[in-house]
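Here's the letter readout for the chains.
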Amino acid sequence: MLKFAMPLYEAKYHEEDEWMEISEIILMDQLYRTYKKVTPAIKEMIMGKEVETPDGIYRLKFKGGEQGGQQSELSAA
C-alpha cells in the first residue's frame with residue numbers, strides 16, 4: 001500500500017495575524033485570480049517562500065515545524 005501525504009497550504013489574510021490552513025482549491029482559486037501562470041508561484045512555495053496576492057500571503061505548510069530553506073519531499077521528487 002502506498003502512503004503519502006498531500007501538501008497542506010496556509011494563508012495569512014491582511015486583516016488577520018495568524019496563519020490558517022486552507023485547501024488546495026482555495027489556494028488555486030486565489031492564484032489564478034492573481035497570476036497569469038500559477039506554476040512559478042507554486043515552485044516558489046515548494047522552495048519555502050511565501051507568495052503574496054492582494055488578498056493575503058500563502059505558503060506551503062511544512063511538517064515538523066521547519067519552514068524555509070529546507071528541501072521538501074515535493075522538490076526531491
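Please refer to the structure placed before this passage.
Residues numbered from 1 in each chain as written. Predicted model: local features only at pLDDT ≥ 70, side-chain atom pairs only at ≥ 80, totals over all residues. Heavy atoms only, no water.

Describing the pattern of salt bridges
Thinking step 1. By the definition in use, this model includes five salt bridges.
Thinking step 2. One salt bridge connects R33 with D29, and the closest N-O pair in it is separated by 3.0 Å. In this pair, R33 and D29 are both assigned in helix α1 (residues 24–34), four residues apart and thus about one turn of the helix distant.
Thinking step 3. For R33, a relative accessible area of 62% corresponds to the exposed category.
Thinking step 4. What emerges from the salt-bridge pattern is a single network uniting E10, E50 and R59. (Salt bridge = Lys/Arg side-chain N within 4 Å of Asp/Glu carboxyl O. Helix = DSSP H or I, 4+ residues; strand = E, 2+ residues; numbered from the N terminus. Buried < 20%, exposed > 50% of the residue type's maximum accessible area, 1.4 Å probe, protein only.)

Details of α1
The periodicity of an α-helix, 3.6 residues per turn, causes residues three or four positions apart to be oriented the same way.
Thinking step 1. When we look at burial in α1, the residues that qualify are L27, M28, Q30 and L31. Viewed end-on, α1 has its buried residues packed into an arc of 165°, placing them on one side of the element. In α1, the exposed residues that point more than 90 degrees away from the buried face are I25, Y32 and R33.
Thinking step 2. Looking at the packing, one finds that the buried side of α1 touches β1 (8–13), β2 (20–22), α2 (39–46), β3 (51–52) and β4 (56–61). (Arc of directions from axis to C-beta. Contact = heavy atoms within 4.5 Å.)

Quick look at the sheet that holds β2
Thinking step 1. Spatially, four strands are ordered β2-β1-β4-β3 in an open sheet, and the strand pairing comes out antiparallel. Strands at the two margins of the open sheet, each flanked by one partner only, are β2 and β3.
Thinking step 2. In terms of strand pairing, β3 meets β4 through two bridges, oriented antiparallel. Residue pairing for β4: V51 is matched across the bridge by Y58.
Thinking step 3. Most of the contacts of α2 go to β4, to which it runs at about 60°, and overall it touches β1, β3 and β4. (Pairing = 2+ DSSP bridges. Axes fitted to C-alpha atoms, helices over the stretch in contact; angles between N-to-C directions.)

Considering the nonpolar core
Thinking step 1. Within the largest apolar cluster, 15 residues are counted, with the highest numbers of intra-cluster contacts made by Y9, I22, L27, L31, I42, M45 and Y58.
Thinking step 2. Looking at this core, the elements with two or more residues in it are β1, α1, α2 and β4.
Thinking step 3. Leave out the neighbours within four places in its chain, and M45 touches Y9, L27, L31, V51, Y58, R59, L60 and F62. (Core = buried A, V, L, I, M, F, W, Y, C linked by side-chain atoms within 4.5 Å.)

Points about the side chain of R59
Thinking step 1. Structurally, R59 is set in strand β4.
Thinking step 2. Here R59 falls in the buried class, since its relative accessible area comes to 14%.
Thinking step 3. A distance of 2.7 Å separates a polar atom in the side chain of R59 from a polar atom in the side chain of E10. (Polar contact = N/O pair within 3.5 Å; in protein donor to acceptor, adjacent residues only side chain to side chain.)

A word on the pairing of β4
Thinking step 1. Counted residue by residue, β4 has five buried out of six residues, so it is predominantly covered.
Thinking step 2. Bridge count for β1 against β4 is six bridges, and the pairing is antiparallel. Residue pairing for β4: Y13 is matched across the bridge by G56.
Thinking step 3. Here β3 hands over to β4 after three residues, the two strands then running antiparallel side by side.

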